[in-house]
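Architecture at a glance
Next come the chains, spelled out residue by residue.
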Amino acid sequence: MNTTEFEMYINDTKRPSKIRIEEKDELFYVSIDDDFKGSMKIDKSTESGFVTDDAELKQHLYSIASHLDADRKISELPEKLLERYGDNLVSFRFIEDDTLELTAHEDTDIEEFGNVMEDLIYDDVEFEKKLIVIVRKENDEHTYTFDIN
C-alpha cells in the first residue's frame, strides 16, 4: 500500500486541510483531516483522471487529482533530467518533498552547468508547484541552487 499526504485549502478555509490518500490495488482511499471521505479510481476518460461514487469526495475530486498529478510529474522530472543531461549528471535524490538535489560529475563546471539547467529546465517541467533544485558537484561541497516556479 502506498500512502500520500499533503495539505490543501478546502472550501475557502483559512487553514489548510490534511489530505491522506492510501493507494491499494486500483483504489485510492481518501481522508480529509482524518475523516474518511471515500474512494476513487483512475478513469482517464474524465477531466480529473479519477472517478468516485462518494458524494463527499466528489466536490474535492478535481483538486485532489490535480495534486496527485503534480506529484507524479515532479517524481518523473529527475529521470527526464538524467536522460537529457546524462553526460553531466551522476545521480539525484529528493532531500524534501520540495527539494531536489542533482549530483554532477566532478569535472563539470557547476556554475555554467547550473546556469544552463536553470535556463532550460522548463522544457521538462509539467507542474506548477514550487521545487528547489540544488546542483552539487560530485566530491565537492560547491552547489548551484535555483527555484522552479
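Residues numbered from 1 in each chain as written. Predicted model: local features only at pLDDT ≥ 70, side-chain atom pairs only at ≥ 80, totals over all residues. Heavy atoms only, no water.

1. Some words on the packing of aromatic side chains
According to the stated counting rule, one finds four aromatic pairs in the structure shown. Measuring from ring centre to ring centre gives 6.5 Å for Tyr 29 and Phe 36, while their planes differ by 35 degrees; the resulting arrangement is tilted. Taking the relative accessible area as the measure of exposure, Tyr 29 reaches 30% and is therefore partly exposed. Taken together, a centroid distance of 5.7 Å and an interplanar angle of 80 degrees make the contact between Tyr 85 and Phe 113 edge-to-face. Remark: Phe 113 occurs in helix 3 (residues 110-120) and Tyr 85 occurs in the loop between helix 2 (61-84) and strand 6 (89-96); sequence separation between them is 28 residues. Of the two residues, Tyr 85 and Phe 113, both sit in the buried class. (Phe/Tyr/Trp six-rings, centres within 6.5 Å; stacked < 30°, edge-to-face > 60°. Buried < 20%, exposed > 50% of the residue type's maximum accessible area, 1.4 Å probe, protein only. Helix = DSSP H or I, 4+ residues; strand = E, 2+ residues; numbered from the N terminus.)

2. Examining helix 3
Within the span of helix 3, buried status applies to Ile 110, Phe 113, Gly 114 and Met 117. Projection of helix 3 onto a plane perpendicular to its axis shows the buried side chains occupying an angular sector of 100 degrees, all on one side. Facing away from the buried surface of helix 3 by more than 90 degrees, the exposed residues are Glu 112 and Asp 119. If you follow the buried residues of helix 3, they end up packed against helix 2, strand 6, strand 7 (99-104), strand 8 (131-137) and strand 9 (143-148). (Arc of directions from axis to C-beta. Contact = heavy atoms within 4.5 Å.)

3. What to know about the sheet that holds strand 2 (residues 17-24)
One open sheet holds the five strands; their spatial order is 1-2-3-4-5, and the pairing between them is antiparallel. In this open sheet, the two strands that pair with only one neighbour each are strand 1 (2-8) and strand 5 (50-51). In terms of strand pairing, strand 3 (residues 27-32) meets strand 4 (residues 35-42) through six bridges, oriented antiparallel. Its bridge partner lying in strand 4, Val 30 is registered against Gly 38. (Pairing = 2+ DSSP bridges.)

4. Some details on the side chain of His 67
By secondary structure assignment, the location of His 67 is in helix 2. His 67 has contacts with Phe 6 and Lys 129, leaving out every residue within four places of it along the chain.

5. Observations concerning helix 2
For helix 2, built from 24 residues, the straight-helix expectation of 34 Å at 1.5 Å per residue is met to within 8% by its first-to-last C-alpha distance of 34 Å. When the local axis directions of helix 2 are compared, the greatest deviation, roughly 30 degrees, occurs at Leu 77, which is followed within four positions by the proline Pro 78. Listed in full, the buried residues belonging to helix 2 are Leu 61, Ile 64, Ala 65, His 67, Leu 68, Ala 70, Ile 74, Leu 77, Pro 78 and Leu 81. (Expected span 1.5 Å × (residues − 1). Bend = angle between axes of the 7 residues up to and from the residue.)

6. Structural notes on the sheet that holds strand 6
Reading across from one edge, 6-7-8-9 is the order of the four strands in this open sheet, with mixed pairing throughout. What marks the edges here is a single partner per strand, and that holds for strand 6 and strand 9. Along the sheet, successive strands turn relative to each other by an average axial angle of 20 degrees, direction set aside. Strands in contact with helix 2 are strand 6, strand 7, strand 8 and strand 9; relative to strand 6, the strand with the most contacts, it is inclined by about 165 degrees. Here helix 3 sits on the sheet in contact with strand 6, strand 7, strand 8 and strand 9, set at roughly 10 degrees to strand 9. (Axes fitted to C-alpha atoms, helices over the stretch in contact; angles between N-to-C directions.)

7. Overview of the pairing of strand 3
Walk down a regular strand and you will see the side chains alternate between the two sheet faces. As defined by bridge partners, strand 2 adjoins strand 3 across six bridges and the pair is classed as antiparallel. Its bridge partner lying in strand 3, Glu 23 is registered against Phe 28. Hairpin connection from strand 2 to strand 3: two residues lie between these consecutive antiparallel strands, with Asp 25 at a positive phi of about 55 degrees. With antiparallel pairing between neighbouring strands as the criterion, strand 3 and strand 4 make up a hairpin whose turn holds two residues, including Asp 33 at a positive phi of roughly 50 degrees.

These values are about where atoms sit, not about what they do.
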